[in-house]
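Commentary on secondary and tertiary structure
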Amino acid sequence: MTILDGNALSSKIKEELKGRVEKLVTEGNKAPHLAAILVGDNPASQSYVTNKIKFCEAVGFTSTLVRKPANISEEELIDVIQMLNDDDDIDGYIVQLPLPGHINDEKITLAIDYRKDVDGFHPMNFGRMAEGMTTFLPATPYGILEMMSRYGIDTDGKHCVVVGRSNIVGTPMSILLSRKGNPGNCTVTLTHSRTRDIKEELLRADIIIAAIGIPNFIKGDMVKEGAVVIDVGINRVTDDNKKSGYRLVGDVDFDDVKDKVSAITPVPGGVGPMTVTALMLNTFKAATKEIYR
Ligand code: NAD
């Protein structure tokens, strides 16, 4: 059984990216510049944004953090977005999710200049992805594809079951893996909360992508012998043995499935670091105008 080590792979890509940034700067260009908008003080969001900024520092990107209080109005937030859209020095930026309930996520996504949408959430980028055009792929699916490709996971003709149909993970993942290409060429089943018999679907899967948000949902008896399991879930469960009082687990019961699978991502240290890595790869593409002139 192979552990798909997102931390190790992310470190490797980080080194590669650092070299590419050095080359870019040596050739007289400015360093790529990523900005992040963080609204409120959700601890998980703060930690995600901190990781992204640390990554920027490690590879030589410039980074800007814009912090706003949880009671910011939608109009004020759109003004901040407009400011980042107009700032020529900023190549790409993200609005860290989740946003407070009074803010409409859709309006915010639409306000982002798609040429700076390095999270790949804007309909322009989503549409280009669905068409198979070059685009900013959504960061988590992009990170998963990069991981599959670098670990040499064969997807051609395989049956992939995606669990969860969110716009940021499940749905784009199902599109990308069913597309002609490598990774790709899978026969994909997209399952969700209204699927009648998830277990029956999962037992037919050569590849499982779990993005549900329910701790340890997928058990050993739901997985076929030799399957590849990509666990996107990040869930906090109470753990009195930890100083923080909690630990992170995935949507897959790792201990229960590990002896059956051929490869699996751990949580933490699997898909999470690859998501940040993909965001940085998109930012590099934005800075070098690889997608949009
Ligand atoms: P979401 O919360 O927007 O949606 C959850 C999806 O799961 C829905 O489509 C729903 O239909 C499905 N679902 C819910 N209950 C189900 C059930 N009983 N059976 C089958 N399907 C069910 O999803 P999301 O934003 O994609 O997040 C999913 C998980 O992935 C969360 O734990 C989130 O924290 C994590 N996540 C991790 C990363 C990363 O980088 N590792 C990135 C994004 C999200």
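Below or above, wherever it landed, is the structure these notes cover. Predicted model only: the values in this text are computed from it and were never measured.

A word on the site of the ligand
Arg-165, Ser-166, Val-232, Ile-234 and Thr-275 are the nearest of the 22 residues found near the ligand. Here an oxygen atom of the ligand and a backbone polar atom of Arg-165 are 2.8 Å apart. Measuring from an oxygen atom of the ligand, one finds a backbone N or O atom of Ile-234 at 3.1 Å. When the free accessible area of the ligand is taken as 850 Å², the share hidden by the protein chains comes to 71%. When residues in the shell around the ligand are grouped by element, the largest group, three residues, is from helix H10 (residues 271–287).

Details of the pattern of salt bridges
Enumeration over the complete set of coordinates arrives at 13 salt bridges. Between Glu-16 and Lys-12 there is a salt bridge whose closest N-O contact spans 3.3 Å. With Glu-16 and Lys-12 both in helix H1 (residues 6–26), this residue pair falls four residues apart, about one helical turn. Given the relative accessible area of 47%, Lys-12 is considered partly exposed. Its salt-bridge partner being Asp-239, residue Arg-247 comes within 3.0 Å of it at the nearest N-O pair. Taken together, the salt bridges that share partners define one network made up of Lys-12, Glu-16, Glu-146 and Arg-150.

Comments concerning H10
Here H10 is 17 residues long and its end C-alpha atoms lie 24 Å apart, about the 24 Å a rise of 1.5 Å per residue gives. Counting buried residues in H10 gives 15 out of 17 residues, a clear majority hidden from the surface. Phi for Lys-289, located one or two positions after H10, is positive at around 55°.

A look at the nonpolar core
Grouped together as the largest cluster of nonpolar side chains are 52 residues, with contacts concentrated most on Ile-209 and Met-280. Both domain 1 (27–113) and domain 2 (139–272) contribute no fewer than three residues apiece to this core. Look past the residues within four positions of Ile-209 in its chain and what remains in contact with it is Ile-144, Met-148, Cys-160, Val-161, Val-162, Val-163, Met-173, Leu-177, Ile-230 and Val-232. One finds Val-66, Leu-84, Ile-90 and Tyr-93 within the second-largest nonpolar core, a separate group that totals 17 residues.

A short note on the pairing of strand E3 (residues 62–68)
Sheet topology note: the strand E2 (residues 33–39)/E3 ladder contains seven bridges and is parallel. From the neighbouring strand, Ala-36 faces E3, where its bridge partner is Leu-65. This β-α-β element, E2 to helix H2 (residues 43–59) to E3, shows right-handed connectivity.

Overview of the pairing of strand E5 (residues 159–163)
In terms of burial, E5 is largely enclosed, as five of its five residues are buried. Along E5, one buried face is formed by His-159, Val-161 and Val-163 and the opposite face, lined by Cys-160 and Val-162, is buried too. Both E5 and strand E6 (residues 187–191) contribute to a ladder of five bridges, which runs parallel. Note that in E6 the partner of Val-163 across the bridge is Thr-191.

Notes on the side chain of Lys-52
Looking at the element boundaries, Lys-52 is found in helix H2. The buried charged residue Lys-52 lacks any salt bridge partner; its closest oppositely charged side chain belongs to Asp-119, at an N-O distance of 5.3 Å. If sequence neighbours within four positions are ignored, Lys-52 has contacts with Ile-94, Gln-96, Val-276, Leu-279 and Met-280.

Criteria and cut-off values
The written sequence of each chain sets the order in which its residues are numbered from 1. Totals for whole chains, interfaces and linings use every residue, but because this is a predicted model, local features are given only for residues with pLDDT of at least 70 and side-chain atom pairs only at 80 or more, for both listing and counting. The basis for every side-chain value is the complete set of heavy atoms in the structure, and neither hydrogens nor water enter the calculation. The criterion for a residue being near a molecule or strand is simple. One of its heavy atoms has to lie within 4 Å of it. Side-chain atoms alone can form a polar contact between residues adjacent in sequence; in general such a contact is a pair of N or O atoms within 3.5 Å, and within protein one must be able to donate a hydrogen while the other accepts it. Accessible surface is estimated by sampling points in the Shrake-Rupley manner with a 1.4 Å probe; for residues, cover comes only from the protein chains shown. A run of H or I in DSSP becomes a helix once it reaches four residues, and a run of E becomes a strand once it reaches two; helices and strands are each numbered from the N terminus. Only one rule defines a salt bridge in this text: a Lys or Arg side-chain nitrogen within 4 Å of an Asp or Glu carboxyl oxygen. Three exposure classes are used, based on accessible area relative to the maximum for each residue type with a 1.4 Å probe and protein chains only: buried under 20%, partly exposed in between, and exposed over 50%. The span one expects for a helix is its residue count, reduced by one, times 1.5 Å. Joining through side-chain atoms within 4.5 Å is the link that ties buried Ala, Val, Leu, Ile, Met, Phe, Trp, Tyr and Cys residues into a set, and such a set is a nonpolar core. Here the limits of each domain have been adopted from an automatic or database domain assignment. Any two residues having at least one pair of non-hydrogen atoms within 4.5 Å are treated as being in contact. The pairing criterion is simple: DSSP has to find at least two bridges between the two strands. Orient the strands so they point away from the viewer; a crossover is then right-handed if the path from the first strand over the helix to the second runs clockwise. None of His or the chain ends enter the tally, which takes Lys and Arg as positive and Asp and Glu as negative.

Without other data, these values stay purely geometric and don't point to any function.
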